[in-house]
Every structure is written in structure tokens, then in C-alpha cells.
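Examining the three-dimensional arrangement
The chain contents come next:
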Amino acid sequence: MQSETAICKPRHVSIIMDGNGRWAQERGLERVQGHLRGVESVRAVTEESVRQGIEYLSLYAFSTENWGRPKEEVTYLMSLMFKSIMNEMDNFMRNGVRFLALGDKGSLPGVLQESIAAAEKATSANKTLTFILFLSYSGKWDILNAAKHLAKAATESGNPDEYLSKIEEKDFSGFLITAGIPDPDLIIRTSGEQRISNYLLWQGAYSEFYFPEVQWPDFREEEYKKALKVFASRDRRYGKVK
Ligand code: FPP
């Protein structure tokens, strides 16, 4: 159940980082240069989240659909992700950041899986900010997986009808990959596109949306503060009357 009290600061901010390729192409650069600059925005937003006292920051870094990009770009992104996780470890430790990666991790290259496991382990006791990378993730994949796990649990219960009759929305949330993580209060998508693109379809049911025109490589501290200000001015009613 969501809280109905007015909350000015989001507990969980989630970002669809869009516009890296266009940012680069508009400057006559290779698309991958946009991704490289995008990593600097990730750092800026992470550090600002720590300063603002935000508890969860999650980023849509690679969707299930992104596997369909040209092979060289996918290889570059996987390698960038690996290097960035390694490079950010000191910052994570210094800032008390707990790192998590969520998605179909088994489909990622072995070295990336290993770096993720190492970063999750090393940062597991950090408490200031939980930083989540959604990798090889899609909302429909997550919901379908949850349904499969639920069906399995129902079968194993010995009395599927009774088991399923007691399942409520909060129980279903527990089968999603985000189990235990609060739903995003604010979802930001950069680059002016106004779509959810198969992102947190269940978890975003009552999220506030913000669509700045700026592309991800240019989304830094000031743009982020603007987004937080807009969020603070929103009136969240969760379908009720105030
Ligand atoms: C969207 O821009 C961006 C991505 C698909 C990749 C974003 C990934 C990073 C910035 C790496 C971050 C990783 C860590 C660990 C810090 P796009 O290519 O869809 O842009 P376009 O819409 O202009 O083509």
C-alpha cells in the first residue's frame, strides 16, 4: 500500500537514460561516444542523489530489446558497463552506495556477471543509497517470470486453488525481480521521448513521470535538481480524492 501523505522528496528515483546516440550523432561523433559521456551523467546523478538523501536510484541501462542493436554497439555497451562498475567501486564505497543489478543476468557476458557479483558483495553493507542497474530487463519479462514463479509456488503448496485465492497484489510484487524494493516515486526519461518502453510496468503503476528534452549525456546536477523540484510540486492522489 502506498502512503497517502504528501512526500516532497522521492524515496526512489528511476531513470530511462535516453538520447546517447542522438547526442553523439548531432556532434558528428560515433554513437558510442554518447554512451561514454552518459557514464559521467550516471556519476553526477548518483552523487547528487547521495547529497539529496534519496534512498534508491535505479537506471534502465540495457533492455531486453537492446540485444537487437548492432553487435558492435552491444559489445561496446557490455564492455562499458564492466569498466564503469569497476571504476565506480571506490566512489560507491566512499559514498556508502549499495550496488545491485537486476534483470536476466544469466544472458550477460561472463566477465560482466562476475564484476556484478563482486560489486554486489563488496557494497552489500552500504546504507546511504541503493543504486540499481536494470540490465537485460523488461517489464513484460519480469511479470511473466513472476507469474511462472507464482504458478510453481501454487503447485508446490499442495492446494493451488486455496493458495491462489489468498494471493494479493503485494504478494505478487514479492515474485517480481524488485521484491523488497519500493516502487519508483519518480520516473524520468530524458531526450523528450514520452514512452515507458517496457520498463517497470507493474512497479510504475503510480509513479510520477517527468520527460525533460535534454539528452542523457547532458542530464547533470542542475537538470536533476529541476526534476526533483517538479516532483515536489506534484499532487499524488493514488486514484483517491483529497
Ligand atoms: C540510451 O541511449 C542509452 C543506452 C541504451 C545505454 C546507457 C548505458 C550507459 C550510459 C552505461 C551506464 C553504465 C554504468 C555502469 C554507469 P540511446 O542509445 O537509445 O540513444 P538514442 O535514442 O539517441 O539512439
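These numbers come from a predicted model, not from an experiment. (Residues numbered from 1 in each chain as written. Predicted model: local features only at pLDDT ≥ 70, side-chain atom pairs only at ≥ 80, totals over all residues. Heavy atoms only, no water.)

1. Points about the pattern of salt bridges
Under the convention used in this document: What makes a salt bridge here is a side-chain nitrogen of Lys or Arg within 4 Å of a carboxyl oxygen of Asp or Glu, nothing more. Strands are runs of DSSP state E lasting at least two residues, helices are runs of H or I lasting at least four, and both sets are numbered from the N terminus onward. The buried label goes to any residue with under 20% of its type's maximum accessible area, the exposed label to any with over 50%, and the partly exposed label to all in between, with areas taken from a 1.4 Å probe on protein chains only.
In this structure the tally under the stated criterion is 23 salt bridges. The closest approach of N and O atoms between Arg11 and Glu55, which form a salt bridge, is 3.1 Å. Of this pair, Arg11 sits in the segment before strand S1 (12-16) while Glu55 sits in the loop between helix H2 (31-52) and strand S2 (56-63), and the two are 44 residues apart along the sequence. A relative accessible area of 34% places Glu55 in the partly exposed class.

2. A few points about the packing of H2 against helix H3 (residues 71-95)
Quick note on the threshold: Every angle, taken between N-to-C directions, lies between 0 and 180 degrees, and every axis is a line fitted to C-alpha atoms, over only the stretch in contact when it is a helix. The cut-offs work like this: below 35 degrees is roughly parallel, past 145 is roughly antiparallel, 65 to 115 is roughly perpendicular, and the gaps in between are oblique. Take the far helix as your reference; a near helix turned counterclockwise from it by less than a right angle gives a left-handed crossing, and one turned clockwise gives a right-handed crossing. Pairs of residues are marked as contacts when any of their non-hydrogen atoms sit within 4.5 Å. Gly is placed with the polar residues, together with every amino acid not listed as nonpolar (Ala, Val, Leu, Ile, Met, Phe, Trp, Tyr, Cys and Pro) or charged (Asp, Glu, Lys and Arg).
Contact geometry for H2 and H3: axes closest at 11 Å, N-to-C directions at 25°. In terms of orientation, H2 lies roughly parallel with respect to H3. In the packing of H2 onto H3, the handedness of the crossing is right-handed. Along the contact surface, H2 presents Arg31, Val32, His35, Leu36, Val39, Arg43, Glu47 and Val50, while H3 presents Glu73, Tyr76, Leu77, Leu80, Ser84, Glu88, Asn91 and Asn95. Classifying every residue of the contact of H2 with H3 by side-chain character gives seven nonpolar, four polar and five charged.

3. Details of the site of the ligand
The test is simple: Any residue with a heavy atom positioned within 4 Å of a molecule or strand is treated as near that molecule or strand. Counted as a polar contact is a pair of N or O atoms within 3.5 Å, where, for protein atoms, one must be capable of donating a hydrogen and the other of accepting one, and residues adjacent in sequence contribute only when both atoms are in side chains.
Neighbouring residues of the ligand: 17 residues in total, closest Met17, Asp18, Arg22, Arg31 and Arg69. Residue Arg31 places a side-chain N or O atom 3.0 Å away from an oxygen atom belonging to the ligand. For the shell around the ligand, the elements supplying multiple residues, two or more each, are helix H1 (20-26), H2 and H3. No other element matches H2, which puts four residues into the shell around the ligand. Of the residues assigned to the shell around the ligand, the class counts are six nonpolar, seven polar and four charged.

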